[in-house]
Amino acid sequence: MIVDKDFKIAEVDSRIYGSFIEHVGRAVYGGIYEPTHSTADALGFRGDVKQLIQQLQVPIIRYPGGNFVSGYNWEDGVGPVEDRPKRLELAWRALEPNYVGTNEFIKWAKDIGSEVMMAVNLGTRGIDAARDLLEYCNHPGGTYWSDLRIKHGYKEPHKIKTWCLGNEMDGPWQIGQKTADEYGRIAYETAKVMRLVDPDIQLVSCGSSSTAMPTFPEWEATTLSHTYEVTDFVSLHQYYGNRDGDSANYLARTMDMEHFIHTVISTCDYIKAKKRSKKTMNLSFDEWNVWYHSNDQDKKIDPWSVGPPQLEDNYNFEDALLVGSMLITLLRHADRVKMACLAQLVNVIAPIMTEEGGKAWKQTIFYPYLHTSIYGRGTSLLPIVDSPKYDAQDYTDVPYLDSAVVYNEQQEEVTIFALNRNLTESLNLTCDIRSFEDYQLVEHLVLEHEDLKAVNTALEEKVKPHSKGASEIKDGYVSASLAKASWNVIRLKKIRK
């Protein structure tokens, strides 16, 4: 590998380390919110969960969905809690008590140091509900909706900057599914009106629900032909799983993620050229993760309960490796991917799990997310890599070494994120860093385990990182041994003489 400070991709927008909380399963009720828990605050939010999220330094959290938002009346979740209606929540077939709504969530997010990426309902609702919610949240006062917020106890406007125009509107599972032209028109008109209410907001247009959608990427081309000039981002969603147990093929799935990103960028740039626009559309990868472990158990859950244990994937070690590879992929596309949300944050396909009345604990995927969020701030550099490759069932020429490099010029630090996909042998890495004079090794973190299927539980954390990685620097080169099937974080810092 060659790493040079002049091989710049782009500044990393911290929002690529965002996450997602939807009103589904135990994400809210029994996750972030449990009034009877010993650590709960005055609003009922768990303090132990807050502490774990703060460790991750999550800059932005998407809310309230997800599929949930396409049937959600935001007015149900504001005002006195005792007056709020209970609703049949049709997206996940649960009972929504509306104990937590817009104001409570925004206050909670601010308490943990996160911004909110708010989604509006373009399934069962549209322009009016979106503009009213924006006025409620962002207008200072003197109008019906802003004064109602003040009456509800929130004098200062929330100043929500980022808004999603619906969710996965191409999906047949979506309440209020739309054709590309139908969505493009309603999204355009909604965006136009929302910008009249608050010109400073940023808007996300719905992209395809995944690369597997039969309308991908025609959906992007058609919808953006409507929304290109009034939105700032187009969304991408993608989940991966290892249903057939082929770990080598599983760890190569980020090749598909690369293709997804490249295709969406190409489509955006085609519309830019077609419209002769001077504007470049950026990407919001606002749902991504591993999701497949809980599919069968979710079919057995009875409907119409509050906070049922839905989508509770128990992640293993190889899942953590793939999550690390997905984060590496996002970093390598920092020039166009400006926001991303690990879906989701607590209990629901999440890095953090909770026991009702008990403890909160870290899943295996917590660690690559933690490492990149903390050490992946700065400028993403383009590493020149010569790696041995392998062929998998669905992919050819898969590099054993998957890597990204971030240079924090202000802190005079360089971080090399390196994943060894080889399941049986270590990799000897030689990295040319001669453009970084007087940099020394600070730490070599490693996440490894003999068992790819090893999991963490509330009782035992089998999969956790150590700082005993085998690395050294000599004459401007880093030499490192990357253990088989391992996630590595090699941290360098300039030493002042």
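Residues numbered from 1 in each chain as written. Predicted model: local features only at pLDDT ≥ 70, side-chain atom pairs only at ≥ 80, totals over all residues. Heavy atoms only, no water.

Engineer: Mind laying out the overall build of the protein, listing which residues take part and the relevant values?
Structural biologist: Assigned secondary structure in the protein consists of eleven helices and 23 strands. Expected size for 497 residues packed as a compact globule is a radius of gyration near 23 Å; at 23 Å, the protein falls within 12% of this value. When the backbone C-alpha atoms are referred to their principal axes, the protein occupies close to 70 × 55 × 50 Å. Each of the 497 residues in the protein was classed as buried or not, and the buried ones make up 61%. Total accessible area on the protein stands at roughly 19,600 Å², and carbon and sulfur atoms take up 48% of it. (Helix = DSSP H or I, 4+ residues; strand = E, 2+ residues; numbered from the N terminus. Rg over C-alpha atoms; globule rule 2.2 N^0.38 Å. Buried < 20%, exposed > 50% of the residue type's maximum accessible area, 1.4 Å probe, protein only. Areas by Shrake-Rupley, 256 points an atom, 1.4 Å probe, with all protein chains shown as cover.)

Engineer: Can you explain the pairing of strand β8 (residues 202-205)? Please cite residues and give values.
Structural biologist: The side-chain alternation of β8 yields two buried faces, one formed by Q202 and V204 and the other by L203 and S205. Pairing of strand β7 (residues 162-165) with β8, which is carried by four bridges, proceeds in the parallel orientation. The residue of β8 that forms the bridge with L165 is S205. In this fold, β7 hands off to helix α5 (residues 180-197), which returns the chain to β8; that crossover is right-handed. In terms of strand pairing, β8 meets strand β9 (residues 233-240) through two bridges, oriented parallel. Bridge pairing in β9 links S205 to V234. (Pairing = 2+ DSSP bridges. Right-handed = clockwise from strand over helix to strand, strands pointing away.)

Engineer: If you had to explain the packing of helix α1 (residues 47-56) against helix α11 (residues 366-375) to someone new, which residues and values would you point to?
Structural biologist: Close contact between α1 and α11 brings their axes to 8 Å; oriented N to C, the two are set at 50 degrees. Between α1 and α11, the angle is such that the two are oblique. In this structure, α1 contributes L52, Q55 and L56 to the contact, and α11 contributes F366, Y369, L370, S373 and I374. Residue composition of the contact of α1 with α11, by class: six nonpolar, two polar and no charged. (Axes fitted to C-alpha atoms, helices over the stretch in contact; angles between N-to-C directions. Parallel < 35°, antiparallel > 145°, perpendicular 65-115°, else oblique. Contact = heavy atoms within 4.5 Å. Nonpolar A, V, L, I, M, F, W, Y, C, P; charged D, E, K, R; others polar.)

Engineer: Quick one: what's the story with the packing of α1 against helix α2 (residues 102-112), residue by residue and with numbers?
Structural biologist: Packed helix pairs are characterised by how far apart their axes lie and by the angle those axes make with each other. As a packed pair, α1 and α2 sit with axes 9 Å apart at the nearest point and diverge in direction by 55 degrees. By the angle between their axes, α1 is oblique relative to α2. Contacts from K50, I53 and Q54 in α1 reach W108, D111 and I112 in α2. By residue class, the composition of the contact of α1 with α2 is three nonpolar, one polar and two charged.

Engineer: Which residues make up the sheet that holds strand β21 (residues 470-474), and what values do they have?
Structural biologist: Pairing in this open sheet of three strands is antiparallel, and the strands run β19-β22-β21 from one edge to the other. If you trace the sheet from one side to the other, it starts and ends with β19 (427-432) and β21, each paired once. Sheet twist, expressed as the average angle between the axes of neighbouring strands with direction ignored, equals 15 degrees. By the bridge criterion, six bridges tie β19 to strand β22 (residues 477-482) in an arrangement that is antiparallel. Bridging from a neighbouring strand, L429 pairs with A480 of β22.

Engineer: Before we move on, could you go through the pattern of salt bridges and cite the residues and values that matter?
Structural biologist: Where charged atoms of side chains with opposite charge meet at close range, the side chains can pair. A complete count under the given rule lists 27 salt bridges for this structure. A salt bridge links K50 to D111; its shortest N-O distance comes to 3.8 Å. A residue pair is termed long-range when its members are at least 10 positions apart, and K50 in helix α1 and D111 in helix α2 qualify at 61 residues. On the basis of relative accessible area, K50 is assigned to the buried category, the value being 13%. (Salt bridge = Lys/Arg side-chain N within 4 Å of Asp/Glu carboxyl O.)

Engineer: Mind laying out the packing of aromatic side chains, listing which residues take part and the relevant values?
Structural biologist: Tallying each qualifying case throughout the model produces 20 aromatic pairs. On the basis of an interplanar angle of 10 degrees and a centroid distance of 3.8 Å, the ring pair of Y63 and F105 is categorised as stacked. Placement of Y63 in strand β3 (residues 60-63) and of F105 in helix α2 is noted, with a sequence separation of 42 residues between them. Across the pair, exposure class does not vary: Y63 and F105 are buried alike. On the numbers, 5.1 Å between centres and 55 degrees between planes, the contact of W74 with Y136 is tilted. On the criterion of sequence distance, the pair formed by W74 in the loop between β3 and β4 (87-89) and Y136 in helix α3 (residues 127-138) is long-range, its members being 62 residues apart. Here W74 falls in the buried class, since its relative accessible area comes to 4%. Judged by relative accessible area, Y136 falls into the buried class, the value being 0%. Taken together, the ring pairs in this structure connect Y29, Y33, F45, Y63, Y99, F105 and W108 into an aromatic cluster. The ring of F20 carries R62 above its face, with NZ or CZ at 4.6 Å from the centroid. (Phe/Tyr/Trp six-rings, centres within 6.5 Å; stacked < 30°, edge-to-face > 60°. Lys NZ or Arg CZ within 6 Å of the ring centre and 35° of its normal.)

Engineer: Could you give an account of the nonpolar core, with specific residues and numbers?
Structural biologist: In this structure, I32, F105, W108, W163 and F285 are the most contacted members of the largest nonpolar core, which totals 156 residues. The element that contributes the greatest number of residues to this core is helix α10 (residues 317-332), accounting for ten residues. (Core = buried A, V, L, I, M, F, W, Y, C linked by side-chain atoms within 4.5 Å.)

Engineer: So what about unusual backbone geometry? Which residues, and what values?
Structural biologist: Residue P64 is reached from Y63 by a cis peptide bond, and omega for that bond is 0 degrees. Residue position: P64 is located in the loop between β3 and β4. Here the bond from F216 into P217 is cis, since omega is 0 degrees, no more than 30 degrees from zero. Counting through the fold element by element, P217 comes out in the loop between β8 and α6 (218-227). In this structure, W304 is a non-glycine residue whose phi angle is positive, near 70 degrees. Positionally, W304 belongs in the loop between α9 (295-298) and α10. In this structure W304 comes out as partly exposed when scored by relative accessible area, which is 32%. One non-glycine residue, E412, lies in the positive phi region at around 55 degrees.

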